[in-house]
Amino acid sequence: MTVLVIAEHDNKVLKSSTLNCLAAAGELNAEIHLLVAGHQVSSVIEAAKIVSNVAKVLVADAEQYVFHTAENIAELVTSIASTYSHILVSATTFGKNMLPRVAALLDMSQISEIVSVESEDTFIRPIYAGNALAMIQSSDAIKFITVRATAFDAVLDSGGNAEVEMLSATADTLLSEVIGREISAGDRPELTAAAVIVSGGRGLGSEKKYYQLLEPLADKLSAALGASRAAVDAGFAPNDYQVGQTGKIVAPDLYFAIGISGAIQHLAGMQSSKVIVAINKDEDAPIFQMADYGLVGDLFDIVPELVAKL
Amino acid sequence: MKILVPVKRVIDYNIKVCIKKDGSDVDLNNTKMSINPFDEIAIEEAMRLKEAGIATEVIAMSCGTLASTDVLRTALALGADRSILVELEHNPEPLAVAKLIKVVCDKEQATLIICGKQAIDDDSNQTGQMVAALLGWSQATFASEVKIDGDSALVTREVDGGLETLKVLLPAVITTDLRLNEPRYATLPNIMKAKRKPLDTFSAADLGVDVSPRLTLLKVLEPTKRTAGVMLENVDALIGKLKTEAKVI
Ligand SMILES: Cc1cc2nc3c(=O)[nH]c(=O)nc-3n(C[C@H](O)[C@H](O)[C@H](O)COP(=O)(O)OP(=O)(O)OC[C@H]3O[C@@H](n4cnc5c(N)ncnc54)[C@H](O)[C@@H]3O)c2cc1C
Ligand SMILES: Nc1ncnc2c1ncn2[C@@H]1O[C@H](COP(=O)(O)O)[C@@H](O)[C@H]1O
C-alpha cells in the first residue's frame, strides 16, 4: 500500500496545509509519496525532500502546470494514480477544484474534508455545516480524499531525506488558461495558519471602520484578519477573509468575533478555535452561546480600549 | 446556446439539523427544505445570460425523490424554460449525479452547465468538477464573475489567496460562489406560470446510468458541542482572563 499526497505550492514555497495533509496520510501507516507539479519548482523540491514522513518526491515540471489548472493537473495525477491506494490533498481551493476531476476520470468517488482517519477505508467528515459528523466507508479501489487541515497537526518540515523522481509531463489540455491573479500579499499570517484571528462582521459598519478598528488589534496580537460573509458582501473585507461553511475553516488558539452575530454558517468555520471571544452589543446574539468570553457593549468603545490596554 | 442548471433540494439554510437518536442518519422529517442557495445563484446567472441574448434556453434538472419537484418549480418560477427530474429513491452521491447530468447534457446538447459550488447538506463540493471530467470539458469553479466572450468564458474565481481570472474554452462547467449575483425573487405571476412549464421525468435506468453507491454511511455522530462561557464586565476582566486563565496572550 502506497499513499500519494499532492503538494500545494506557488512554485516557490510549499504551503503549510500540505504538512497537515501529510499528517492525515501518516495515519494510514503506509509509504508516502509527495507529488510536486508546477513549473521551475526547485525550491519546493528542496523543501519537500526533507519533510519528515515523505519517502519519495515525484516532480512534474512543465509550463502547463505553472498555474495548477485543474484540467492539466488532473491529467497528470490520473496518469500515475493506479499504483496508489489513497490519494490525498488538502481541502483548499486548489484541492477542492482539482481532486474530484481526477476521481471522476477514474470512475471513483471522493470523500471531502475528512477530519479523522478511522481505518484504511473509513473516515469521518463534517456535514450540514459541521452540525453533524458522518462516518463513511468507501468501497472504491483508490480512496480520493481531501483533508481539513485544522483537524491534523502538521508533520515536521525537516528531518526527512526523500528520493526525488522526475515524471514526464502529460500533454497540455489547452482547455483553460489563467489570465489574471489578484493575490493579497500582506505581512499578516495566513488566515488558516494563524495562532490569533481578529474577525469582524456587519457590526463594523464600513470598510474604513473595519480596518481602523481591527488592524491595531491584529497588529498588537500578530493576528490574521477574518470576516463574516456579511462583512465581505458589504465590501468591508476581501473575499479571502471569509470564515465559515463556504469560506475558510480556521482553528486558531484565539478567535475574536467582533460585531458578528454567530450564524451557523459562520460558526461552521471557527468553532474548533481553542478560545473564542465575542464582542457584541446584543446580549442575545447566538455567538455568546459558544464563546468562552463575552463582552456586551459597543464595539466602537470596547475595541479601542482593548488595544490601548494590551 | 443552451444552459443546463442542476439544482438540489436541501435543508433550508436557516434550519439546524438534528441527528436521529440511533445515530443512523440526520433526521429530515418535517424539516423545511429549499433549493440549495448556490443553485439559486446558478439559475440567476443563467437567466442573466438569457436576458443578455447569449443563452437561448435555460433547463433546470434535479436528481432525487419526487419531492425534488418543488425545487424544479422554484427554478421555473425564477425563469428557467423547462425542467427535468431524474427520479431516484435515495439521494445520490456526487459521482452518480455527475453521470446523470452528463447524460442529460449529451441529450440536450447544452454548451454551458452552471452548478452550485457545494450543496449545503453534504458539503461535498464535487459534482461540477466531476461533470467537467466526464464530459472532458473545461471547468471554472467558485465563480464570482462570468463573462462570455465568443467561444470562451472569462471567469473570476474566489481562491484562497484572493481572486483569479480564468479563460476557459466553451463548452464548460462553471460552479457558483456566493458573490456571483444576488438572485431575484419569484413573483406571484411567475410562480403561477411555472406550474404550466414542462417538467419531464426520467429514471436512472431510462438514462442508462448506474447510481449504486460507493460509500456507506456507517453512522452520524454529534460534534463536540461548545458551551457558553462567561460574560465579562469590562475590558480589564477580559484581558485578565486571556492572560491568566486561557493563557493565550
Ligand atoms: C449558503 C450560505 C452560505 C453562507 N456561508 C457563510 C460563511 O461561510 N461565513 C459567514 O460568516 N456567513 C455565511 N453565510 C451568511 C450567514 O448566514 C450570516 O448571514 C452571516 O454570517 C452574518 O454575518 P454577521 O454576523 O457579520 O452579520 P449580522 O448577522 O448582521 O450580525 C451583526 C452583529 O453585529 C452586532 N453589532 C452591530 N453593531 C454593533 C456595535 N456597534 N457594537 C457591537 N456589536 C454590534 C449586532 O448585534 C449583530 O449581532 C452563509 C449564508 C448562506 C445562505
Ligand atoms: N441531487 C442533485 N440533483 C441536481 N443537482 C445536484 C444534485 N446534487 C448536487 N447537484 C449540483 O451539484 C452542486 C454541488 O453539489 P455537491 O458536489 O454535492 O456539493 C450543487 O450545487 C448542484 O448544482
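How each quantity is defined
Residues numbered from 1 in each chain as written. Chains lettered and ligands numbered in written order. Predicted model: local features only at pLDDT ≥ 70, side-chain atom pairs only at ≥ 80, totals over all residues. Heavy atoms only, no water. Helix = DSSP H or I, 4+ residues; strand = E, 2+ residues; numbered from the N terminus. Rg over C-alpha atoms; globule rule 2.2 N^0.38 Å. Buried < 20%, exposed > 50% of the residue type's maximum accessible area, 1.4 Å probe, protein only. Axes fitted to C-alpha atoms, helices over the stretch in contact; angles between N-to-C directions. Parallel < 35°, antiparallel > 145°, perpendicular 65-115°, else oblique. Left-handed = near helix turned anticlockwise from the far one by under 90°. Contact = heavy atoms within 4.5 Å. Nonpolar A, V, L, I, M, F, W, Y, C, P; charged D, E, K, R; others polar. Salt bridge = Lys/Arg side-chain N within 4 Å of Asp/Glu carboxyl O. Polar contact = N/O pair within 3.5 Å; in protein donor to acceptor, adjacent residues only side chain to side chain. Phe/Tyr/Trp six-rings, centres within 6.5 Å; stacked < 30°, edge-to-face > 60°. Lys NZ or Arg CZ within 6 Å of the ring centre and 35° of its normal. Near = heavy atom within 4 Å. Areas by Shrake-Rupley, 256 points an atom, 1.4 Å probe, with all protein chains shown as cover.

1. Focus: the overall build of chain A
Logical step 1: What chain A contains, in helices and strands, is eight helices and 16 strands.
Logical step 2: In terms of overall size, chain A behaves like a compact globule, its C-alpha atoms giving a radius of gyration of 21 Å where 310 residues would be expected to give roughly 19 Å.
Logical step 3: The principal-axis extents of the C-alpha atoms in chain A amount to approximately 60 × 40 × 40 Å.
Logical step 4: Across the 310 residues that make up chain A, the buried fraction comes to 60%.

2. Observations regarding the packing of helix α8 (residues 299–309) of chain A against helix α6 (residues 235–245) of chain B
Logical step 1: Where α8(A) contacts α6(B), the axes come no closer than 10 Å and their chain directions differ by 50°. On the basis of the axis angle, α8(A) is oblique to α6(B). Note on packing geometry: the crossing formed by α8(A) with α6(B) is right-handed. Contacts between α8(A) and α6(B) involve A:I302, A:E305, A:L306 and A:K309 from the first element and B:V235, B:D236, B:L238 and B:I239 from the second.
Logical step 2: Split into classes, the residues belonging to the contact of α8(A) with α6(B) amount to five nonpolar, no polar and three charged.

3. Focus: the pattern of salt bridges
Residue and element names in this part refer to chain B.
Logical step 1: Under the definition given, this model contains 34 salt bridges over all chains.
Logical step 2: With a shortest N-O distance of 3.6 Å, K32 and D12 are connected by a salt bridge. Here K32, found in the loop between β4 (26–27) and β5 (33–35), pairs with D12, found in the loop between β2 (9–11) and β3 (18–19); they are 20 residues apart in sequence, far enough to count as distant.
Logical step 3: Among the residues examined, D12 registers a relative accessible area of 7% and is labelled buried.
Logical step 4: For E222, the salt bridge is made with K225, and the minimal N-O distance between the two is 3.0 Å.
Logical step 5: By relative accessible area, which is 53% here, K225 ends up exposed.

4. Some thoughts on the side chain of B:K99
Logical step 1: Its place among the elements puts B:K99 in helix α3 (residues 94–108).
Logical step 2: At a separation of 2.7 Å, a polar atom in the side chain of B:K99 contacts the side chain of A:D107.
Logical step 3: Once residues lying within four places of it in the same chain are set aside, the contact partners of B:K99 are A:D107, B:L134, B:V209, B:D210 and B:R214.

5. Re the packing of aromatic side chains
Logical step 1: For the structure on display, the rule yields one aromatic pair over all chains.
Logical step 2: A ring pair is formed by A:Y210 and A:Y211, whose centres lie 5.0 Å apart and whose planes are at 80°; its orientation type is edge-to-face.
Logical step 3: Residue class for A:Y210 comes out buried when judged on its relative accessible area of 0%.
Logical step 4: We note B:K117 situated over the ring of B:F142; from NZ or CZ to the ring centre the distance is 5.6 Å.

6. Structural notes on the site of ligand 2
All names here are of chain B.
Logical step 1: In the vicinity of ligand 2 lie 17 residues, with P6, D39, C63, A119 and T127 positioned nearest.
Logical step 2: Residue T127 places a side-chain N or O atom 2.7 Å away from an oxygen atom belonging to ligand 2.
Logical step 3: For ligand 2, whose accessible area on its own is 480 Å², the fraction buried by protein is 99%.
Logical step 4: Looking at the shell around ligand 2, the elements that each hand over two or more residues are β6 (57–64) and β8 (112–116).
Logical step 5: A total of three residues in the shell around ligand 2 trace back to one element, the largest contributor, which is β6.

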